[in-house]
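Coordinate analysis (summary)
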Amino acid sequence: MHIREFGVEIWMNANETRCELNLAETCVASLTVRELLDLTGKGNSILDDLLPMKLTYGAIEGSERLRRAIAALYETKSAADVLVTHGAIGANALVYQALVGPGDVVVSVLPTYQQHYSIPESLGAEVRPLWLKAEDGFLPDTDRLRELCRGGVMLIALTNPNNPTGALMDRPMLEEIVAIAREAGAWLLADEVYRGVDQEGDGFTASVADLYEKGISTGSMSKAYALAGLRLGWIVAPAEVLRAAMIHRDYNTISVSMVDDHLAALALESRDRVLARSREITRGNLAILSGWVESEPLISWVKPRSGTTAFLRYDLPMSSETFCARLLEETGVLLVPGSAFDMDGHVRIGYANSPDILRAGLSRMSSFLKGL
């Protein structure tokens, strides 16, 4: 199977160990084990849980406890609707392997996480891009979506909240997209890894898994829950999708770590405290970033409504890769070029690190821009 190089991951692999200030990171500032245990009220008593644990494969589909905790993130779901995976990256790959084959049609929003168009392409599908535009707030044009679905479509792929733009489809828009998917008979996959850190309210928007009988939600502990080191994600979907995904999962994952499963369950059972920390960081830091953007004449954006990233447009005659390479070499600040999302003229910034790192990075970026 031939697959295109993963633009974002190639860039990060080459550069993230070379930078001084990583503003390419997409996770909320990572929790330490101590911080996690303090938030969950476990403290040193965690050893009482771990020391007797036999390190077998554990429950292949994920422990009942963890799947119940994941199901509680949704309005209508139970543990039976959940399959635990090796991160959301594993979840997305399994969905495509389970559902998509040669000759199928997949409609995917762009810009987005590259999995959602490169994997179906590698499986022989026709991918029809639905380009998101700044003038639309980086939200889908639903009339265009209807056009792309004509003649049959196997699956529609969204990221909500969107990576890299931070745009957020609210419930009414999702319901309109569900109606389009239902009319086409299509599966609707929503990568919802940033769900829980909306800039308003309780941080949660609706999930397509709750809105549509053929809705599929993928999520993880990495972004909003600040626990990327657990490498733990999930699929919430109808039984037939989970059964098909399990067939492929037996070939590449078997099960996740029992220790990771246990720590993820602890975090989700205390999600109110974990997410309160994440929302404090994302909301405070977005205010910092917003003030900076307003002060920079060469930078414009559509202000994010959720997530941990923003897509900045720069008014300069250079490619985004050149921009980011020069920024890194001259200042030690790492961003991601828009070309990694097939959308040059932009850069992605992650703003959910510590406020001190964000401020220092933005200050260096201001100096860099003044020197161009």
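You'll find the structure just up there.
In this report, we go over the structure that sits alongside the text. Note that the structure is a prediction, hence the values are computed from the model and not measured. (Residues numbered from 1 in each chain as written. Predicted model: local features only at pLDDT ≥ 70, side-chain atom pairs only at ≥ 80, totals over all residues. Heavy atoms only, no water.)

**Focus: the overall build of the chain**
How we decide: Secondary structure elements are taken from DSSP: a helix is a run of H or I of four residues or more, a strand is a run of E of two residues or more, and numbering for both begins at the N terminus. Between the two quantities, the radius of gyration covers C-alpha atoms and the globule rule is 2.2 Å times the number of residues to the power 0.38. The buried label goes to any residue with under 20% of its type's maximum accessible area, the exposed label to any with over 50%, and the partly exposed label to all in between, with areas taken from a 1.4 Å probe on protein chains only. Residue contacts follow a heavy-atom distance rule, with two residues in contact if any of their heavy atoms lie within 4.5 Å. By the counting rule applied here, Lys and Arg register as positive and Asp and Glu as negative, while His and the ends of each chain are not counted. Lysine's charge is taken at NZ, arginine's at CZ, aspartate's at CG and glutamate's at CD.
In terms of regular secondary structure, the chain is built from 14 helices and 13 strands. A globule of 372 residues ought to have a C-alpha radius of gyration of about 21 Å, and the chain, at 20 Å, matches this closely. Looking at the 372 residues of the chain, the share that counts as buried comes to 59%. Long-range contacts, defined as pairs at least 24 residues apart, comprise 73% of the intrachain contacts of the chain with a sequence gap of at least 6. Averaged over its 35 positive side-chain charges, the chain has a centre that lies 3 Å from the centre of its 48 negative ones.

**Points about empty space enclosed by the protein**
Taking a probe equal in size to a water molecule and rolling it over the atoms shows the remaining empty space. Heads up, the condition is: Grid points spaced at 1 Å and placed over the protein atoms alone form the basis of the search, with a cavity being a set where a 1.4 Å probe fits but cannot get out and a pocket an open set showing protein on both sides within 12 Å along at least five of seven lines. Lining residues have an atom within 4 Å of a point. Grid points are joined across faces, edges and corners, and a volume is the space filled by probe spheres set on the points. Residues are sorted three ways: Asp, Glu, Lys and Arg are charged, Ala, Val, Leu, Ile, Met, Phe, Trp, Tyr, Cys and Pro are nonpolar, and all the rest, Gly among them, are polar.
Applying the stated criterion to the full structure yields one cavity of 30 Å³ or more. Around the largest cavity, the lining residues are Leu73, Tyr74, Glu192, Val193, Arg195, Phe204, Gly219, Ser220, Ala224, Tyr225 and Trp234. Taken together, the residues of the lining of the largest cavity sort by class into seven nonpolar, two polar and two charged.

**A word on the packing of helix H5 (residues 87–99) against helix H10 (residues 239–252)**
Threshold: For helices, the axis comes from a line fit to the C-alpha atoms of the stretch in contact; other axes are also lines fit to C-alpha atoms, and the angle between any two N-to-C directions lies between 0 and 180 degrees. Working definition: roughly parallel below 35 degrees, roughly antiparallel above 145 degrees, roughly perpendicular at 65 to 115 degrees, and oblique for all remaining angles. Handedness of a crossing follows from how the near helix is turned relative to the far one, being left-handed for an anticlockwise turn of less than a right angle and right-handed for a clockwise one.
Close contact between H5 and H10 brings their axes to 8 Å; oriented N to C, the two are set at 110°. Judged by the inter-axis angle, H5 sits roughly perpendicular to H10. In the crossing of H5 with H10, the sense of the turn from one axis to the other is right-handed. Contacts between H5 and H10 involve Leu94, Gln97, Ala98 and Leu99 on the former and, on the latter, Val241, Ala244, Ala245, His248, Arg249 and Asn252.

**Thoughts on the nonpolar core**
Put simply, the test is: Put simply, buried Ala, Val, Leu, Ile, Met, Phe, Trp, Tyr and Cys residues joined by side-chain atoms within 4.5 Å make one nonpolar core.
By size, the foremost hydrophobic cluster in this structure holds 64 residues, and its most contacted members are Leu289 and Phe323. In terms of residue count, the dominant contributor to this core is helix H8 (residues 171–184) (six residues). Setting aside its immediate chain neighbours within four residues, leucine 289 contacts Trp301, Ala310, Ile349, Tyr351 and Leu362.

**Topic: the pairing of strand E4 (residues 126–131)**
Put simply, the rule is: A pair of strands is considered paired only if DSSP assigns at least 2 bridges between the two. Crossover handedness is defined here as right-handed if the route from the first strand over the helix to the second strand goes clockwise, with the strands pointing away from the viewer.
Bridge analysis of strand E3 (residues 105–110) against E4 gives six bridges, and the strand direction is parallel. Its bridge partner being in E4, valine 105 is matched across the sheet by glutamate 126. Remark: the E3/helix H6 (residues 115–122)/E4 crossover connection has right-handed handedness.

**Quick look at the packing of aromatic side chains**
What counts is decided by this rule: Stacked, tilted and edge-to-face pairs are distinguished by plane angle, under 30 degrees for stacked and over 60 for edge-to-face with tilted covering the rest, among Phe, Tyr and Trp rings (Trp via its six-membered ring) whose centres lie within 6.5 Å.
Summed over the entire model, instances satisfying the criterion amount to five aromatic pairs. Look at tyrosine 314 and phenylalanine 323: their rings are 4.7 Å apart centre to centre, the planes differ by 20°, and that puts the pair in the stacked class. You'll find tyrosine 314 and phenylalanine 323 in the same group, each marked buried. With centroids separated by 5.4 Å and ring planes inclined at 90°, the aromatic side chains of phenylalanine 323 and phenylalanine 368 adopt a geometry described as edge-to-face. Taken together, the positions of phenylalanine 323 in helix H13 (residues 320–331) and phenylalanine 368 in helix H14 (residues 355–370) put the pair 45 residues apart, joining distant regions of the chain. Look at phenylalanine 323 and you get buried, because its relative accessible area is 2%.

Distances and angles like these do not, on their own, reveal function.
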